[in-house]
Amino acid sequence: FAFASGASPSVLRAATMFSVVQLAYFTSSRYASLNALMATIFLLLIYRPDYLYDLSFQLSVVAVVGIVVWAVPIVRNMRCKGAVVRIVLSSFAVGVVATLWTMPLISHYFNNLPLIGVLVTPLLLPVAYIIVGFGVIALALPSVVAVPFIAVAEWAAMVQNWVVVLASKPWWAGVEYRLDEGAVFAIYALYAIITIVMWSVERKKVITL
C-alpha cells in the first residue's frame, strides 16, 4: 500500500513503524511505541538522509511523537463507560494532540495557525481509517471484487475533502502568523518539559499500543 500510494516519506514512516510493531508481535516480544518510532526514523534516515528536511516526514514524526507521549497516556487513564464513548473520546484526544504538535511547524512553513484543525482532525480520523482500510482491502482483491471497496474509499475521500473545504471558510479557521525557528524550538522544548512532568507521575513507564 505504501508503494502503491507513492511511497512518500510520511507513508514510509507509517509503513516501516507498522512493520517494526508487527515484527515484535510475531516474535512475541514486548515493544515500546517510542522505541519503535525512533528505530523507524533511524532506518529511514539511513535510507534517505534528506528525509530530515522533508516537511511531510517532519509533520508525520512530530504528530506520532505527540500521540505516543501525550495521547496514549491520556487515553489509557480515561474513565468512561461504554466502548463507543471511549472510541469517540480517544479519537478526539488523538486528533487534538496531533494538531497541537504539528501546529508550530505548520505556522513556520505556511505562515498560518490552523485553529480549526483542533476540531476537524478528530472528526476526520474515522474517515481516514475507512479510506486506508478499504483501500488496502481493494489492493488485495481482484479488480471486479474490489469495486465496492473502492467505492466506499472514494466516498470517504470525498467526505474528507468536503469537510476540509467547509472548515476552511470561517474567518476564525486560521490565523496568519509565522513562528520563527527560535519560537518553534521553544514550543517543542515546552512540550518536552510537559512530557517529562506527565511521565514523572505515570506509574507505568512503558507505553504500548
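Quick caveat: nothing in here was measured; it's all calculated off a predicted structure.

Draft legend 1. Representation of the overall build of the chain within the structure. Scanning the chain from terminus to terminus reveals 7 helices and 0 strands. Order of helices (α) and strands (β) in the chain, N terminus to C terminus: α-α-α-α-α-α-α. Looking at the chain residue by residue over its 209 residues, the buried ones come to 35%. Of the roughly 12,700 Å² of accessible surface on the chain, a fraction of 74% belongs to carbon and sulfur atoms.

Draft legend 2. Local environment of helix H5 (residues 117–140). If you check H5, its first and last C-alpha atoms are 33 Å apart, about what 24 residues at 1.5 Å a residue would give, namely 34 Å. Inspection of H5 places Gly117, Val120, Pro122, Leu124, Leu125, Val127, Gly135 and Ala138 among the buried residues, and these make up the whole buried set. Those residues of H5 hidden inside the fold are in contact with helix H4 (83–110) and helix H6 (143–167).

Draft legend 3. Focus on a nonpolar patch on the surface. A cluster of nonpolar side chains, contributed by Ile137, Leu141, Val144 and Val145, occupies part of the molecular surface with about 330 Å² of accessible area. Residue placement: Val145 occurs in helix H6. Overall, Val145 belongs to the partly exposed group, its relative accessible area being 46%.

Draft legend 4. Quick look at the nonpolar core. Counting residues in hydrophobic clusters, the biggest one holds 24 residues, and the most contacted among them are Leu37, Phe57, Val65, Val69, Trp70, Trp101 and Tyr188. When residues of this core are traced back to their parent elements, those giving at least two are helix H1 (9–26), helix H2 (33–47), helix H3 (55–76), H4 and helix H7 (181–200). Element by element, the count of residues in this core is highest for H3, at 9 residues. Setting aside anything within four residues of it in sequence, one finds Trp101 in contact with Val62, Val65, Gly66, Val69, Trp70, Tyr188, Tyr191 and Thr195. With 8 residues, the next largest nonpolar core counts Ile116, Val120, Leu124 and Ala156 among its residues.

Draft legend 5. The arrangement of the packing of H4 against H5 in detail. Packing of H4 against H5 brings their axes to within 8 Å, and their N-to-C directions diverge by 130°. Comparing their axes, H5 and H4 come out oblique. In this structure, H4 crosses over H5, and the sense of that crossing is right-handed. On H5, the residues that touch Ser91, Phe92, Val94, Gly95, Val96, Thr99 and Met103 of H4 are Gly117, Val118, Thr121, Pro122 and Leu125. The residue inventory of the contact of H4 with H5, partitioned by class, reads 7 nonpolar, 5 polar and no charged.

Draft legend 6. Representation of the packing of aromatic side chains in the model. Tallied over the full model, the rule gives 8 aromatic pairs. Between Trp101 and Tyr188 the ring centres are 6.0 Å apart and the planes differ by 45°, which places this aromatic pair in the tilted class. Linking Trp101 in helix H4 with Tyr188 in helix H7, this pair joins segments that are 87 residues apart in sequence. Each member of the pair Trp101 and Tyr188 is classed as buried. Centroid distance Trp101 to Tyr191: 4.9 Å. Interplanar angle 40°. Geometry classified as tilted. Taken together, the residues span a long stretch of sequence, with Trp101 in helix H4 and Tyr191 in helix H7 at a distance of 90 residues. Comparing Trp101 with Tyr191 shows no difference in burial state: the two are buried. Three or more aromatic residues link up through ring pairs in this structure, and these residues are Trp70, Trp101, Tyr188 and Tyr191.

Draft legend 7. How the structure looks around the pattern of salt bridges. Considering all chains together, one arrives at 1 salt bridge under this definition. Put simply, Asp50 and Arg48 hold a salt bridge, and the shortest N to O gap is 2.9 Å.

Draft legend 8. Expanded view of the packing of H5 against H6. Axis separation between H5 and H6 bottoms out at 8 Å; the angle between their running directions is 155°. If you check the angle between H5 and H6, you find them roughly antiparallel. Seen from above, H5 lies across H6 with left-handed handedness. For the pair H5 and H6, contact is made by Val120, Leu124, Val127, Ala128, Ile130, Ile131, Phe134, Gly135, Ile137 and Ala138 and by Ala146, Phe149, Ile150, Val152, Ala153, Ala156, Ala157, Gln160, Val163, Val164 and Ala167, respectively. Its residues placed into classes, the contact of H5 with H6 shows 19 nonpolar, 2 polar and no charged.

Rules used in this analysis
- Counting from 1, residues in each chain are numbered in the order their sequence is written.
- Only residues with pLDDT of at least 70 are given local features in this predicted model, and only at 80 or more are side-chain atom pairs given and counted; all residues enter the totals for whole chains, interfaces and linings.
- No hydrogens and no water enter the side-chain calculation; it runs on all heavy atoms of the structure.
- Numbering goes from the N terminus for both helices and strands, where a helix is a DSSP run of H or I of at least four residues and a strand is a run of E of at least two.
- The rule is simple: take the accessible area with a 1.4 Å probe, protein chains only, and divide by the maximum for that residue type; under 20% is buried, over 50% is exposed, in between is partly exposed.
- All accessibility values rest on the Shrake-Rupley procedure with a 1.4 Å probe; residue burial counts only the protein chains present in the view.
- Take the number of residues in a helix, subtract one, and multiply by 1.5 Å to get its expected span.
- Residues are treated as being in contact if the distance between any of their heavy atoms lies within 4.5 Å.
- Residues enter a patch when their relative accessible area is above 30% and they make no salt bridge; the linking distance is 9 Å between like charges and 5 Å between nonpolar side chains (Val, Leu, Ile, Met, Phe, Trp, Tyr).
- The term salt bridge refers to a pairing of a side-chain nitrogen on Lys or Arg with a carboxyl oxygen on Asp or Glu at a separation within 4 Å.
- Only buried residues count toward a nonpolar core, which is a set of Ala, Val, Leu, Ile, Met, Phe, Trp, Tyr and Cys residues joined through side-chain atoms within 4.5 Å.
- Comment: axis = line fitted to C-alpha atoms, over the contacting stretch for helices; angle = value between 0 and 180 degrees taken between N-to-C directions.
- Orientation labels follow simple angle bins: below 35 degrees gives roughly parallel, above 145 gives roughly antiparallel, 65 to 115 gives roughly perpendicular, and whatever is left gives oblique.
- Two helices that cross are described as forming a left-handed crossing if the nearer one is turned anticlockwise from the farther one by less than a right angle, and a right-handed crossing if clockwise.
- Charged means Asp, Glu, Lys or Arg here, nonpolar means Ala, Val, Leu, Ile, Met, Phe, Trp, Tyr, Cys or Pro, and polar covers whatever is left, Gly included.
- Between 30 and 60 degrees the pair is tilted, below 30 it is stacked and above 60 it is edge-to-face, where a pair is any two Phe, Tyr or Trp rings, Trp via its six-membered ring, whose centres lie within 6.5 Å.

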